[in-house]
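# Survey of secondary and tertiary structure
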Amino acid sequence: MTRSSAPQTALIIAIASLASSVAFLDSTVVNVALPAIERELGGGLATQQWTVDAYLLTLSSLILLAGSVSDAYGRLLVLRIGLIGFGVASIAVGLAGDPLFLIIARAVQGAAGAFLVPSSLALITSLLSGHERSRAIGMWTAFTTGATLVGPLLGGIFVDLLSWRYAFLINVIPVAVTLWLVTRLSVRDERRADAGIDVLGAAMCTAGLGGMVFALIEQPNLGWSSPAIWMPLAAGAALFAAFLVRQRTARHPILPLDLFRARNYWTGNLSTLFVYAALSLNGFVVGVYLQEGAGLSATLAGLASLPTTVLLIALSPWAGSLAERLGGRLFMTVGPLVMAGGALMLLLVGEDFDYWWQVLPGLLVFGLGLAATVSPLTATILGAIDADRSGIASAVNNAVARVAGLVVIAFLAPIVGGTLDLGGFHRAAIVTAALMALGGLIAFAGIRRVPEPTPAS
């Protein structure tokens, strides 16, 4: 793929942001729709958890494969596959008539989403450089993380005014727009001569994660002693371990372990694990509790996160540009610590609920910390790896973020104490703060300022 001309920069950013945003949007739009889905389709808490985790499972386990395919066969090809698959799966989710069909459709949707994220960000990292790339990454992270945060609002509006089904059917519009924008790009894909994919490794990764997550979700219902729990857990762990061993010798690994020789890359990914686990936990718990515990409508529950979204979109490009000059370490340390403080402020929520004094202050602080974190985090991690491997580097980082969310939601019942009442909400806020603080401290201890790699021609 050849480097873009200057007039194409805005188009590249628009395509990358739209493609990723639609995948990230659906990871949270579902949060406020969960009560309505459960009321209509049934299945209780298990259906709610699997509606979230089926999507995260396929997204996180296939994103490594998608990153490798993106680098080997072309970012635009992978992007088109992801967009078409995501649109079709979104229609299937919107038409679901029972929990099983819904969960299967969500899994397919997550699989398609896996092909959107690494290929879209790789467009930026491979076609842009220097200050232009830093600012583009800042805009990309603002839009994609903003989509994650605005998801509950859109979901709430659809739930209250129409149906939860429209929260998924609406995806057809941005998918169609992005497909059209891709046709306006002047760059073309170039297939690598030695291209190849470790399909067996991808299957091992998917099955391994699936077994472990199934056990974590169903353990509260069946107990650790049940063969239906410990057998999938053991088999999943063994398969995933075998997958990691295989990646050391596979000719075309989907997880090149040599990426982790770069200090900023492995440290940044470790920080990502804790920060995004906290983000997923906070988003899920706030979206559900404000409806089921505080009695807000789905729309009001979605509006609750709007201040955080506004701060993120407004400040992320600025934070990305500033981090380019000062280094990412400061932002990756202070940002999560500020978010930890915002999470602890949610302990103000009491039986006599008051959004303005109990919730809004914490969300504003949380938004400031989030805006300071996401763009420098992404830029620092990808800046540690050569541009010609930006697809897989982005895929690994996004897989870490999605696995973090997947695991923390799987552990939801133990975290909240079995039920999401006020006490469970407070416990989740404390766990969120602890995870954020760990992410910030890891960045402080491990991130170093290094020269940016020379982009591939």
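Anyway, here's the lowdown on the structure attached to this text. (Residues numbered from 1 in each chain as written. Predicted model: local features only at pLDDT ≥ 70, side-chain atom pairs only at ≥ 80, totals over all residues. Heavy atoms only, no water.)

### Overview of the packing of aromatic side chains
- Counted according to the given criterion, the structure contains five aromatic pairs.
- Both rings, one in Phe-240 and one in Phe-243, keep their centres 5.6 Å apart while their planes meet at 35°; by these two values the pair is tilted. Taken together, the residues Phe-240 and Phe-243, both in helix α9 (residues 227-246) and three residues apart, mark about one turn of the helix.
- Centre to centre, the rings of Tyr-355 and Trp-356 are 5.3 Å apart; their planes meet at 75°, and the pair counts as edge-to-face.
- Given the relative accessible area of 16%, Tyr-355 is considered buried.
- The exposure class of Trp-356 is exposed, given its relative accessible area of 60%.
- Cation over ring: Arg-329 sits above Phe-444, and NZ or CZ is 4.3 Å from the ring centre. (Phe/Tyr/Trp six-rings, centres within 6.5 Å; stacked < 30°, edge-to-face > 60°. Helix = DSSP H or I, 4+ residues; strand = E, 2+ residues; numbered from the N terminus. Buried < 20%, exposed > 50% of the residue type's maximum accessible area, 1.4 Å probe, protein only. Lys NZ or Arg CZ within 6 Å of the ring centre and 35° of its normal.)

### A few points about the nonpolar core
- Among the nonpolar cores identified, the biggest contains 127 residues, and Leu-64, Leu-79 and Trp-164 are the most heavily contacted of them.
- Top element by residues in this core is helix α1 (residues 9-41). It accounts for 17 residues. (Core = buried A, V, L, I, M, F, W, Y, C linked by side-chain atoms within 4.5 Å.)

### Focus on the packing of helix α10 (residues 263-292) against helix α14 (residues 355-383)
- In contact at an axis separation of 10 Å, α10 and α14 are set at 150° when each is read in the N-to-C sense. Both α10 and α14 take part in a crossing whose hand is left-handed. Across the interface between the two elements, Asn-264, Tyr-265, Gly-268, Asn-269, Thr-272, Tyr-276, Leu-279 and Asn-282 from α10 touch Phe-366, Leu-370, Val-374, Leu-377, Thr-380 and Ile-381 from α14.
- A class-by-class count of the residues in the contact of α10 with α14 yields eight nonpolar, six polar and no charged. (Axes fitted to C-alpha atoms, helices over the stretch in contact; angles between N-to-C directions. Left-handed = near helix turned anticlockwise from the far one by under 90°. Contact = heavy atoms within 4.5 Å. Nonpolar A, V, L, I, M, F, W, Y, C, P; charged D, E, K, R; others polar.)

### Re helix α2 (residues 44-73)
- With 30 residues, α2 extends 42 Å between its outermost C-alpha atoms, agreeing within 8% with the 44 Å of an ideal straight helix rising 1.5 Å per residue.
- Considering bend angle alone, the principal kink of α2 is centred on Ile-63 and spans about 40°. (Expected span 1.5 Å × (residues − 1). Bend = angle between axes of the 7 residues up to and from the residue.)

### With respect to a nonpolar patch on the surface
- A surface patch of nonpolar side chains, amounting to about 480 Å² of accessible area, comprises Leu-154, Ile-157, Leu-161, Leu-162 and Tyr-166.
- Ranked by the residues each element gives to the nonpolar patch, the list is headed by helix α5 (residues 130-161), at three residues.
- Relative to the elements of secondary structure, Leu-161 occurs in helix α5. (Patch = residues over 30% accessible without salt bridge, like charges linked within 9 Å, V, L, I, M, F, W, Y side chains within 5 Å. Areas by Shrake-Rupley, 256 points an atom, 1.4 Å probe, with all protein chains shown as cover. Salt bridge = Lys/Arg side-chain N within 4 Å of Asp/Glu carboxyl O.)

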